[in-house]
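# Secondary and tertiary structure notes
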Amino acid sequence: GGGGGGAGRRLPPHSPSGLVLQTVEMHTGGEPLRIIPRLEMAEEAVAEGLSLLSLRREVAATEDHVRRALMHEPRGHAGMYGAVVVRNGAAAAGAHLAALFLHGAGYSTMCGHAVLALGRFALDYGLVAAPSCPETAVRLHCPCGPVTAFVPWDGHRSGNPVRFHSVPAFAAATDLAIDVPGHGKVMVDIGYGGTFYAFLSAEQLGLDVCSSKTRDLVNAASAVTEAVKKQFKLRHPESEDLAFLYGTILTDGKDAFSEEPTTNICVFADEQVDRSPTGSGVTARIALQYHKGLIQLNQTRTFRSSTTGSFFTGKAVKATKFGDYNAVIVEVSGEAFYTGTATFTVEEEDPLKYGFFFK
């Protein structure tokens, strides 16, 4: 501190009149993750026995202003992503933490890039009582089910790369003919990796996932998502809450096993673009490739984001059953990094206090 009239002053706001939200900021492969370490309402609800899927509905109904304040402008942006960490009740069920996933349009049931980041967060913020070297297993409860992250630990801090083992992933439909307005009939695959995605090569839509304008890719992927929702009914073995199409992933069509990376772009929710290769998308795509006989167990593939060029790797590590589906457990690996911490305030008299969404 120097001299002058400002000496000894704290930065405003000096007495916030409304909500105060503290966050930890991270990114995985360029995709942001705004972590809310504690939301009192969520922890109280879980402590009273509310399931995570039910909590997802309850938070959407009663606490959605928190999501809007942190995901939307002016505190967030159209590509912002978040996670609420829930500790009470999660540990009793054998997990180190539970998580709710937030985005610009609502709440997801699974998020691989968030799991990779939350694995590091759990170790560095003391949510795992006795981390072990050189790697610690972090057990998370996601709305779609239990997921385990494996995080490097040197005795003082977490490191990279982080990997996770998914919930059972499966092919929901392959070579499904869908009529897409403006594009005609295309063939899509639908895979589940904690949430459902439609997959097809961008070439079928007259585009190139590596060189076409992002706006054109987003428009085409969104048209596919809407068409699939109208023409195909999804089914989940355990819960109707999980039977929804989260988005569409356009690929370069390189589905057969190769040492070379395959590139994709994921468009989810309300035309939101994932900056990473998409952890749950990689999970679902590996499940589809395994189902089609294009990849074997423990064959590692590399996936590249067309938006940032960042990489995830994925492989099917175990065959299993999920309801009447033949499924696989998929391991996804990537790098997550801290970008800062923040304290956000909401002043009651602010007419835009809970944010606005601008596309």
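Because the structure is predicted, anything quoted here is derived from the model rather than measured.

## Focus on the pattern of salt bridges
- In this structure the tally under the stated criterion is 16 salt bridges.
- The closest approach of N and O atoms between Glu-43 and Arg-87, which form a salt bridge, is 3.6 Å. A residue pair is termed long-range when its members are at least 10 positions apart, and Glu-43 in helix H1 (residues 40–47) and Arg-87 in the loop between strand E3 (82–86) and strand E4 (97–102) qualify at 44 residues.
- Of the residues examined, Glu-43 reaches a relative accessible area of 3% and is grouped as buried.
- Asp-241 is paired through a salt bridge with Arg-57; the nearest N and O atoms lie 2.1 Å apart. Taken together, the residues span a long stretch of sequence, with Asp-241 in the loop between helix H5 (214–231) and strand E12 (245–251) and Arg-57 in helix H2 (residues 52–62) at a distance of 184 residues.
- Connected through salt bridges with shared partners, the residues Arg-38, Glu-43 and Arg-87 form a single ionic network.

## Here we look at the domain arrangement of the chain
- You can read the domains of the chain as domain 1 (19–166 + 338–346) and domain 2 (167–334).
- For domain 1 and domain 2, the distance between their C-alpha centres works out to 23 Å.
- The interface is formed by 32 residues belonging to domain 1 together with 33 residues belonging to domain 2.
- When domain 1 packs against domain 2, close to 2,300 Å² is buried across both sides, 54% of that on carbon and sulfur atoms.
- Our count for the domain 1 to domain 2 interface comes out at two salt bridges.
- Linking domain 1 with domain 2 are 14 residue pairs in polar contact (both at pLDDT 80 or more), by the criterion used here.
- Those elements giving two or more residues to the side of domain 1 that touches domain 2 turn out to be H2, helix H4 (112–124), strand E7 (145–152) and strand E8 (162–165).
- Residue contributions to the side of domain 1 that touches domain 2 peak at four residues, all from E8.

## Digging into the packing of aromatic side chains
- Evaluated as defined, the whole model comprises eleven aromatic pairs.
- Consider the rings of Phe-170 and Tyr-192, whose centres lie 5.0 Å apart with planes at 25°: the pair is stacked. On the criterion of sequence distance, the pair formed by Phe-170 in strand E9 (residues 169–180) and Tyr-192 in strand E10 (residues 184–192) is long-range, its members being 22 residues apart.
- Classification of Phe-170 as buried rests on a relative accessible area of 0%.
- Take Tyr-192: its relative accessible area is 0%, and that puts it in the buried class.
- Linked through ring pairs, Tyr-81, Tyr-197, Phe-199, Phe-244, Tyr-246 and Phe-268 together constitute an aromatic cluster.
- Above the ring of Phe-150, the side-chain terminus of Arg-163 is found at 4.4 Å from the ring centroid.

## Examining the environment of Phe-356
- Its place among the elements puts Phe-356 in the segment after strand E18 (336–345).
- Using a relative accessible area of 31% as the deciding quantity, one classes Phe-356 as partly exposed.
- Along the primary structure Phe-356 and Phe-170 are separated by 186 residues, whereas in three dimensions their C-alpha atoms are 37 Å apart.
- When near neighbours in sequence (up to four residues on either side) are disregarded, Phe-356 contacts His-72, Glu-73 and Pro-74.

## Structural notes on H1
- All of the buried residues in H1 are Met-41, Ala-42, Glu-43, Ala-45 and Val-46.
- With its phi angle positive at about 105°, Gly-49 sits one or two positions after the end of H1.

About the cut-offs
- Residues numbered from 1 in each chain as written.
- Predicted model: local features only at pLDDT ≥ 70, side-chain atom pairs only at ≥ 80, totals over all residues.
- Heavy atoms only, no water.
- Salt bridge = Lys/Arg side-chain N within 4 Å of Asp/Glu carboxyl O.
- Helix = DSSP H or I, 4+ residues; strand = E, 2+ residues; numbered from the N terminus.
- Buried < 20%, exposed > 50% of the residue type's maximum accessible area, 1.4 Å probe, protein only.
- Domains from an automatic or database assignment.
- Contact = heavy atoms within 4.5 Å.
- Buried area = accessible area lost by both parts, 1.4 Å probe.
- Polar contact = N/O pair within 3.5 Å; in protein donor to acceptor, adjacent residues only side chain to side chain.
- Phe/Tyr/Trp six-rings, centres within 6.5 Å; stacked < 30°, edge-to-face > 60°.
- Lys NZ or Arg CZ within 6 Å of the ring centre and 35° of its normal.

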